[in-house]
Amino acid sequence: IVEGEIVYLSSKEAWEFLKPRHYAGRKPPISKAFGWEIGGELVAVCTFGKPASPSLCDGICGKEYSASVYELNRLCRIEELKEPLSQFVSACLRRLRANDWIIVSYSDTGMHHNGYIYQACNFLYTGQTKQRTDKWTANGKHSRHYSNDEQGEYRKVRTAKNRYVYFATHSKTRKKEWQSALNYPILPYPKAQNQNYILGEYQKDILVKAN
């Protein structure tokens, strides 16, 4: 049972909470945002949005169900919060069942996150993404965001991520359809020691000059 109250937030309200706290440091696409209020104070935020990559959406359960794929793309709390975030996430997922969404989320191995919150919420573990590199400019812009007169002359490693999938629906039939269409094997949960990140640590990865 979640203490306090689960509230719906606007994209702006969610980002105002996330911006100074979340290691990624950039605003994600937000279709739904939830806040956890205890004693009138906003203590945690969870957001869901459409992934930017069509191939990611197609890859979960195929093109037929691509439109139903959304990502749990941010989950953040105040440092003082002691209650488990899994209670909050479970409450958010219950509110999304009417949406009939296939929800994917990732835990970053580079930040020493294993996805224990997702495990506690009964997500399916479907393995890891491959480590790869993205193009960046010298002033720290991702290749998606630089202008034509800038060059993506550097590369930054994007570490492997644990991939979790959750079927948010009231329909048992639809859930069975999605699970049979799932393009990844369902694997045992990974177990290792989580580590807390230092804010800003993620953005300080070394940029390597591209060949």
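Placed above this text is the structure.
Rules and cut-offs
- Residues numbered from 1 in each chain as written.
- Predicted model: local features only at pLDDT ≥ 70, side-chain atom pairs only at ≥ 80, totals over all residues.
- Heavy atoms only, no water.
- Buried < 20%, exposed > 50% of the residue type's maximum accessible area, 1.4 Å probe, protein only.
- Helix = DSSP H or I, 4+ residues; strand = E, 2+ residues; numbered from the N terminus.
- Pairing = 2+ DSSP bridges.
- Core = buried A, V, L, I, M, F, W, Y, C linked by side-chain atoms within 4.5 Å.
- Contact = heavy atoms within 4.5 Å.
- Axes fitted to C-alpha atoms, helices over the stretch in contact; angles between N-to-C directions.

## Let's talk about the pairing of strand β2 (residues 32-38)
The element β2 is extensively covered by neighbouring structure, given that 5 of its 7 residues are classed as buried. Where strand β1 (residues 5-8) meets β2, 4 bridges bridge the pair, whose relative direction is antiparallel. Bridge assignment links Val7 to a residue of β2, and that residue is Gly35. For β2 and strand β3 (residues 41-49), the ladder comprises 7 bridges, and the chain directions are antiparallel. Opposite Ala33, over in β3, you have Thr47 as the bridge partner. Turn length for the β2-β3 hairpin, with the two strands adjacent in sequence and antiparallel, is 2 residues, and the turn residue Gly39 shows positive phi of about 60°.

## Some words on the nonpolar core
Judged by nonpolar contacts, the single largest core of 40 residues is most densely connected at Trp36, Phe48, Leu72, Phe88, Ile103 and Phe123. At the level of secondary structure, the elements contributing two or more residues to this core comprise β1, α1 (11-18), β2, β3, β4 (69-77), α3 (85-96), β5 (101-108) and β9 (161-168). The dominant element in this core, judged by the number of residues it contributes, is α3, at 7 residues. Not counting chain neighbours up to four residues away, the residues in contact with Leu72 comprise Cys46, Thr47, Phe48, Val89, Ile103, Val104, Ser105, Tyr118 and Phe123. Val104, Val165, Phe167 and Leu182 belong to the second-largest nonpolar core, a separate cluster that totals 13 residues.

## Quick look at the pairing of β3
The buried fraction of β3 is high, at 7 of 9 residues. Across 6 bridges, the pairing between β3 and β4 is antiparallel. Opposite Cys46, over in β4, you have Leu75 as the bridge partner.

## Looking at unusual backbone geometry
Note: most residues except glycine have negative phi, and most peptide bonds are trans. We note that Asp100 has phi near 55°; this positive angle belongs to a residue other than glycine. Structurally, Asp100 is set in the loop between α3 and β5. One non-glycine residue, Asn122, lies in positive phi territory at about 70°. Structurally, the position occupied by Asn122 is in the loop between α4 (116-120) and β6 (124-128). Taking relative accessible area as the criterion, Asn122 reaches 58% and is therefore assigned exposed.

## Points about the sheet that holds β9
Ordered in space as β1-β2-β3-β4-β5-β9-β6, the 7 strands form an open sheet in which the pairing is mixed. For this open sheet the edge positions go to β1 and β6, each flanked by a neighbour on one side alone. The average undirected angle you get between the axes of adjacent strands in this sheet is 30°. Packed on one face of the sheet, α1 meets β1, β2, β3 and β4 and runs near 115° to β3. Sitting on the sheet, helix α2 (residues 54-61) is in contact with β4, β5 and β9, with an inclination near 110° to β5.

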